[in-house]
Amino acid sequence: MPELPEVETTRRGIAPHVEQRRVLALQVRQPQLRWPIPEQLAQWIEGDRVQSIERRSKYLLFRFARGTMIVHLGMSGSLRILAADEAPGKHDHVDLVLESGQLLRLTDPRRFGAVLWQENGTEHSLLSKLGPEPLDEAFNAEYLQQCCAGRRTAIKALIMNAAVVVGVGNIYANEALYAAGIDPRRAAGRISAARLEGLVLAIKQVLAAAIKQGGTTLRDFVGGDGKPGYFKQELHVYGRGGEPCHQCGEPLSEVKLSQRSTVFCRQCQR
DNA sequence: CTAAGGACCTGTCGGC
DNA sequence: TGCCGACAGGTCCTTA
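Examining the overall build of chain A
Scanning chain A for helices and strands turns up seven helices and ten strands. Within chain A, counting contacts between residues at least 6 apart in sequence, those at least 24 apart form 64% of the total. A total accessible area of about 12700 Å² is found for chain A, and carbon and sulfur atoms account for 46% of it.

Here it is as C-alpha cells:
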C-alpha cells in the first residue's frame, strides 16, 4: 500500500491530531513486526508530547523530548486516528493513546512494517545511508547522471534503490519511466544525459501529482483522516499489463524485473 | 565493489 | 463451492 505519496498523505492526515499531544500510553499487542518493537519504548515516550511528525523517505518520525519514534508501514501498514474506546482488530498491533481521548492505531496484516527508536544525538542505521528526497533540489539531473555512470543494472532497479533516491516504489517507478519514454530494462549507464534529465522531471512530477491527489488507492488504502486517495485514475501503466497504451494503443508489456512486476510500452519506451 | 535473489508474513485473486 | 499456487504497495541481508 504505502509508497511515498501514501506515507506523506498519512503524515498530513494524522499530524493535526497527534502533534503537541501528550502520550498517555503505548499499547503493543504484537511486538513482532519486521524487527521487534523495543521493549522500553513505552517508558521512553509515555507522559511526553509528540513535538512533531516528520517524514524521511517512507519513514515517519515522531519527535519526542528524548528521541524519535520511527514508524515504517512496510507493504500493508496504515495509521488511523480513532476514538480511544475503539476495539482492536486482528492486525491492529500498536496503539498510541493520546490525552485528547483519541488514539493512533497501527494496522499491518503482513507485518513488514516497523516501530523503532532513535536516541537524540544518534542516527538510526536505517536512515543513515539514504539518498536524497526525490522532491528536493539535491535530486537533479547531474546527480542522477553520476549515479548511472558505468552501471549495468536496469534503470528501474536503480531508481528504486534507496541509496540513489528514496521514495520511488514500484508503482511510481513504472509510471515515471513511462512518462520519460525509457525502457525499464535499459542499462542505467547507457542512457543519455538529456533523457536522464527527463526522468528526473518525470519522477518529481508523478510523485508531486500523487501527493496532491492524496496517494493511490489500492485495495483499502485510506489516509489518516479516512479519505481515500484518488491518484489511481491517473495511472498509465501500473496494473495495466495487456491493456492498450494510452499514447499509441499497442498492448502494454509486462515482465519481471528484480522480482517486481514491470509494465511498459515497447513502442513508446526505448 | 556490483547485481541478483531470498527472506520476512498474511490476505486475496484467478484457475481448475 | 473449495483448494492451491501466484502475487501484492518494501527493503534488508546474503550470496555470487
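A few points about the packing of helix α6 (residues 170-180) against helix α7 (residues 193-212)
Two numbers describe how α6 lies on α7: the axes approach to 8 Å, and their chain directions differ by 130°. Judged by the angle between their axes, α6 and α7 are oblique. As α6 runs across α7, the sense of the crossing is right-handed. Residues Tyr172, Glu175, Ala176, Leu177, Ala179 and Ala180 of α6 pack against Gly198, Leu199, Ala202, Ile203, Val206, Leu207 and Ala210 of α7.

Overview of the side chain of His72
Examined against the element boundaries, His72 turns out to sit in strand β4 (residues 67-72). A polar contact of 2.8 Å, which involves the side chain of His72, links it to the backbone nitrogen of Gly74. Look past the residues within four positions of His72 in its chain and what remains in contact with it is Lys58, Tyr59, Gly113 and Ala114.

Examining the protein's contact with DNA strand B
In the neighbourhood of DNA strand B, the contacting residues comprise Lys90, His91, Pro109, Arg110, Arg111, Phe112, Arg151, Arg152, Thr153 and Gln259. Within 4 Å of the protein, the atoms of DNA strand B are drawn from sugar and phosphate moieties in a proportion of 67%. Arg111 has a polar side-chain atom sitting 2.4 Å from a phosphate oxygen of DNA strand B. In this structure, Gln259 approaches DNA strand B through a side-chain N or O atom, which is 3.5 Å from a phosphate oxygen. Split into classes, the residues belonging to the surface near DNA strand B amount to two nonpolar, three polar and five charged.

So, how was this worked out
- Residue numbers restart at each chain and count upward from 1, following the sequence in its written direction.
- Chain letters start at A and ligand numbers start at 1, both assigned in the order the entries are written.
- Whole-chain, interface and lining totals are the exception, using all residues; otherwise, since this is a predicted model, local features are given only for residues with pLDDT of at least 70 and side-chain atom pairs are given and counted only at 80 or more.
- Excluded from the side-chain calculation are hydrogens and water; included are all heavy atoms of the structure.
- Each helix is a run of H or I in the DSSP string that is no shorter than four residues. Each strand is a run of E no shorter than two, and both are numbered from the N terminus.
- Contact definition: two residues touch when any of their heavy atoms are within 4.5 Å.
- Per-residue and other accessible areas were derived by the Shrake-Rupley procedure at a 1.4 Å probe size, with only the shown protein chains allowed to occlude residues.
- Working convention: axes come from line fits to C-alpha atoms, limited for helices to the stretch in contact. Angles between N-to-C directions cover 0 to 180 degrees.
- We call two directions roughly parallel when the angle between them is under 35 degrees, roughly antiparallel when it is over 145, roughly perpendicular when it lies between 65 and 115, and oblique otherwise.
- Should the near helix be turned anticlockwise from the far one by less than a right angle, the crossing is left-handed, and should it be turned clockwise, the crossing is right-handed.
- Here a polar contact means two N or O atoms within 3.5 Å. Within protein one must be a hydrogen donor candidate and the other an acceptor candidate, and residues neighboring in sequence count only if both atoms are side-chain atoms.
- Each residue is tested against the molecule or strand, and it is near if at least one of its non-hydrogen atoms lies within 4 Å.
- Put simply, Ala, Val, Leu, Ile, Met, Phe, Trp, Tyr, Cys and Pro go in the nonpolar bin, Asp, Glu, Lys and Arg in the charged bin, and everything else, Gly too, in the polar bin.

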